[in-house]
Amino acid sequence: MKKILIIAKKEFLDMFRDKRTIMRMILIPLLAFPVIIYLVSSLQASQSEKEATKELVVGYYLNDQSSAMIDRMDTTAHFTFVPYIDTTSLSAAVSSDSINLGIWFSSSFDQNYEAREQGEYGIFYRSADLEEYDRFQELIKVQEEYLVQERLAQNELPSAYIQPLLLNTQGGNKSTMTETIAKYAGGILPYIFMAFCFMGCMLPAIDLFAGEKERGTIETLLVTPVNRVHILVGKMIVVTAFGLLSATVALGGLIGSLYLMEIDPQLNAIIAMVITPKLVVMLYLLLIPTAIFFAGIMIPVSVYSRSFKEAQSILTPLNMAVIIPTLVGFLPGIELDYTTAWIPIVNVVLATKAMIAGNPEIGPIIITFASLIFLSAIAVFISFKQFGKEGNVLR
Amino acid sequence: MIKVENLKKSFKLSAKQRKEFNTTDTEAKSVDGISFTCQPGKIFSLLGPNGAGKTTTLRMLSTIIKPTSGTIEIAGFNVDTQANEVRKRIGFLTGSTGLYERLTPDEILKYYADLNDVSKEDFEQRKQHYYDLLDMNDFAKKRIGQLSTGMKQKVSITRTMIHDPEVVVFDEPTSGLDVITAENIITLIRDCKTAGKTVIFSSHIMSEVDLLCDDLAIINRGKILYQDTMQNFRTNMKTANLTSEFIRIVNENQPVNA
């Protein structure tokens, strides 16, 4: 045990002095989310403001009908209405992008409306500028509501006449807030944890084995009176710890940035509700064997590789093997059960979702935990076998 | 003391390697039944061209790889069955030995001292001895990455000796070093002899062998071609100089196991 700690202590010191390690495992995970969130929210806010205040030029062809509706709409800010003499020229103007949108009325629009039938109209738009179409639709909806109210008033009918049903929403939703969050956004938490844990394990796994071979230090280490299992375990502790550290830093960065930037007070309240100390403890109980499993996958590759570059080129595509199953967490409808509990990575994601929802079934959780322990034990055994092969160590 | 008897090491050849070497053999014999003895207080040289089997032999002596057959005894312990006892008593230095670039000499020496169960007092005493002897005090706290090749070699020497090994193995220790840096290694080997340690070193530089060794063995293609004292080698030479004699023996290529 003493020798394991000596090796682990030295490897920690060595890794913490590596600028690449600090950059990739601490600074990037810590700053990734704050930077992304800041950029996305700033961009979104400025874009929304820009879109809302953008002047839209709408062409119209009355077709000898009343201009009352156009006159009402023409009072809306940021809209300008321009008359056209036929639908052909109106359509051409929208196609050529010289105006934003076009509206035309059928020759029987007024007559039909007066006869309490439907007045037909059409819109020319470009689906490439759908946000302009949506803004105009909002304007049309207001007009439609105006006309409905006008008809009801003419016939002395109350609004309820055309709304015969009234839905009482009070106390109807029996899902808790956390259940809803778990179903629709619960995948984000395990995704961040797994992705950053994998990336956090990768650099030390490569550096502590392939890197040691490349630097020519492995032989002198093997000549010391330390059992190879102890050397492996000492190094594995460091690989696993860096995976957990990277995941923790990333999650801390995400939560911290949401709080500090005060994007949405309601969101902060939800985070406080979801991320409880109990959840964090449970999450780490699942994540520790997962990190050992990741280390156990990476170490044999690193031991086999001749150089840092070779190990990196093999391990980087493996990232996808972790990311893709993690995305299952974003699919509603897939839940942790006695089948999914056996699928590595997927089970951790689903177990986390179940824990966030506060309704985890104990059986599948136990299977998840046991299968992770079993897999990590196999991965450690494979690592030991590979590390013991002199052909690999001196390759 | 080192006792090697009928030592063999073969490596399995992959299909790719068989194609590369143009052979149908499933394994390559790197060391093929060699025997020799190295006495305490003497320097034994393993001499041979590149690919002769020197490094493989020394790696087996140092417990890094296991022999296919044969026995090795180091300081009275069997390398195969008492590997840890052997490791406690062995120092290993090669010309290509690397050091941890992000650590300082102090940290590296402490690391290896701890791995070798050296007491704090012994560690401090030995460290200071080599720091003074090799003039290392000025760079003891600088990171290895900032040191020159000569400084790094001094750290490697101290690392090799920090647990005061009974047996010291040098695998082409001066390979790639300039004459001034190599001189530190030559001095170390001599000091080991004076201290009564068993020293084995491999080389293909005859001048180095002539300067240092008491006994030598010439190895090629995994077999010992010649084994005797350095004095007898010099006396029985059939050519004008040591290098020519070494080349003559290798070229005659008539392996005889001692």
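Residues numbered from 1 in each chain as written. Chains lettered and ligands numbered in written order. Predicted model: local features only at pLDDT ≥ 70, side-chain atom pairs only at ≥ 80, totals over all residues. Heavy atoms only, no water.

Looking now at the overall build of chain A. Scanning chain A for helices and strands turns up 16 helices and four strands. Computed over the C-alpha atoms, the radius of gyration of chain A is 31 Å, more than 25% above the 21 Å expected from 2.2 N^0.38 for a compact globule of 395 residues. Once the C-alpha set of chain A is aligned to its principal axes, its extents read approximately 100 × 50 × 35 Å. Summarising the internal contacts of chain A: among those between residues at least 6 apart in sequence, 75% fall at separations of at least 24. Just so you have it, chain A exposes about 20,200 Å², and 64% of that area is on carbon and sulfur atoms. The average position of the 29 basic charges and that of the 36 acidic charges among the side chains of chain A differ by 23 Å. (Helix = DSSP H or I, 4+ residues; strand = E, 2+ residues; numbered from the N terminus. Rg over C-alpha atoms; globule rule 2.2 N^0.38 Å. Contact = heavy atoms within 4.5 Å. Areas by Shrake-Rupley, 256 points an atom, 1.4 Å probe, with all protein chains shown as cover. Lys, Arg positive; Asp, Glu negative; His and termini not counted. Charge placed at Lys NZ, Arg CZ, Asp CG, Glu CD.)

A few words on the pairing of strand β1 (residues 56–61) of chain A. Residue and element names in this part refer to chain A. Most of β1 sits inside the fold, with five of its six residues counted as buried. Where β1 lies against strand β2 (residues 79–83), five bridges are found, and the strand directions are parallel. The residue of β2 that forms the bridge with G59 is V82. On the question of chirality, the crossover connecting β1 to the parallel β2 by way of helix α3 (residues 68–73) is right-handed. Two elements, β1 and strand β3 (residues 101–105), share four bridges in a ladder whose sense is parallel. (Buried < 20%, exposed > 50% of the residue type's maximum accessible area, 1.4 Å probe, protein only. Pairing = 2+ DSSP bridges. Right-handed = clockwise from strand over helix to strand, strands pointing away.)

What follows is about the domain arrangement of chain A. Split into domains, chain A comes out as domain 1 (2–35 + 178–393) and domain 2 (55–159). Computed over C-alpha atoms only, the centres of domain 1 of chain A and domain 2 of chain A are separated by 58 Å. (Domains from an automatic or database assignment.)

Residues and elements named next belong to chain B. Strand β3 (residues 43–47) sits mainly inside the fold: five of its five residues count as buried. Residues I43, S45 and L47 point to one face of β3 and F44 and L46 to the other, with burial holding for every one of them. In this structure, β3 lies alongside strand β8 (residues 198–203), joined through five bridges in parallel fashion. By the bridge assignment for β8, L46 is matched with S202. Alignment of β3 against strand β9 (residues 215–220), held across four bridges, turns out to be parallel.

The next subject is the sheet that holds β3(A). All names here are of chain A. Taking strand neighbours across the sheet as the criterion, the four strands line up as β2-β1-β3-β4 in an open arrangement whose pairing is mixed. Each edge of the open sheet is held by one strand with a lone partner, namely β2 and β4 (121–124). Averaged over all neighbouring strand pairs, the angle between strand axes comes to 25°, with direction disregarded. Strands in contact with helix α4 (residues 87–95) are β1, β3 and β4; relative to β3, the strand with the most contacts, it is inclined by about 160°. (Axes fitted to C-alpha atoms, helices over the stretch in contact; angles between N-to-C directions.)

Moving on: the nonpolar core. The nonpolar side chains of a soluble globular protein tend to be buried, and buried together. A:F294 and B:I218 are the most contacted members of the largest nonpolar core, which totals 155 residues. If you tally residues by element for this core, the top one is helix α8 (residues 188–215) of chain A, at 15 residues. With residues near it in sequence (within four places) discarded, B:I218 still touches B:L47, B:K223, B:I224, B:L225, B:Y226, B:F233, B:F246, B:I249 and B:V250. With 19 residues, the next largest nonpolar core counts A:M69, A:F81, A:I103 and A:F136 among its residues. (Core = buried A, V, L, I, M, F, W, Y, C linked by side-chain atoms within 4.5 Å.)

With that out of the way, let us pick up the sheet that holds strand β5 (residues 77–78) of chain B. Residues and elements named next belong to chain B. Read across the open sheet, the four strands follow the order β2-β1-β4-β5; overall the sheet is antiparallel. In the strand order of this sheet, the two ends are held by β2 (27–38) and β5, each with one partner. The pairing of strand β1 (residues 2–12) with strand β4 (residues 69–74) spans five bridges and is classified as antiparallel. Bridging across to β4, V4 finds its partner in I72. Packed onto the sheet, helix α2 (residues 54–61) meets β1, β2 and β4 and runs at close to 115° relative to β1.

Residues and elements named next belong to chain A. If you trace the backbone, F293 turns up in helix α12 (residues 277–304). For the pair F293 and I36, spaced 257 residues apart in sequence, the C-alpha separation works out to 29 Å. Leaving out residues up to four positions away in the same chain, F293 has contacts with L375, S376 and A379.

Using the criterion set out here, one finds 16 aromatic pairs over all chains in the structure. Ring centres 5.2 Å apart and planes at 85° place the aromatic pair A:F198 and A:F294 in the edge-to-face group. Here A:F198, found in helix α8, pairs with A:F294, found in helix α12; they are 96 residues apart in sequence, far enough to count as distant. In terms of burial, A:F198 and A:F294 fall into one category: buried. Aromatic pair B:F36 and B:F44: ring centres 4.9 Å apart, planes at 15°, arrangement stacked. (Phe/Tyr/Trp six-rings, centres within 6.5 Å; stacked < 30°, edge-to-face > 60°.)

On to the pattern of salt bridges, then. All names here are of chain B. Overall, the coordinates contain 34 salt bridges over all chains when judged by the stated rule. Ionic pairing is found between K66 and D80, a salt bridge with its closest N-O pair at 3.9 Å. Here the residue K66 occupies a position in the loop between α2 and β4, and D80 occupies one in the loop between β5 and α3 (83–88), the gap between them amounting to 14 residues. Note that E245 is salt-bridged to R248, the shortest N-O span being 2.7 Å. With E245 and R248 both in helix α10 (residues 242–252), this residue pair falls three residues apart, about one helical turn. By relative accessible area, E245 is classed as buried at 3%. (Salt bridge = Lys/Arg side-chain N within 4 Å of Asp/Glu carboxyl O.)

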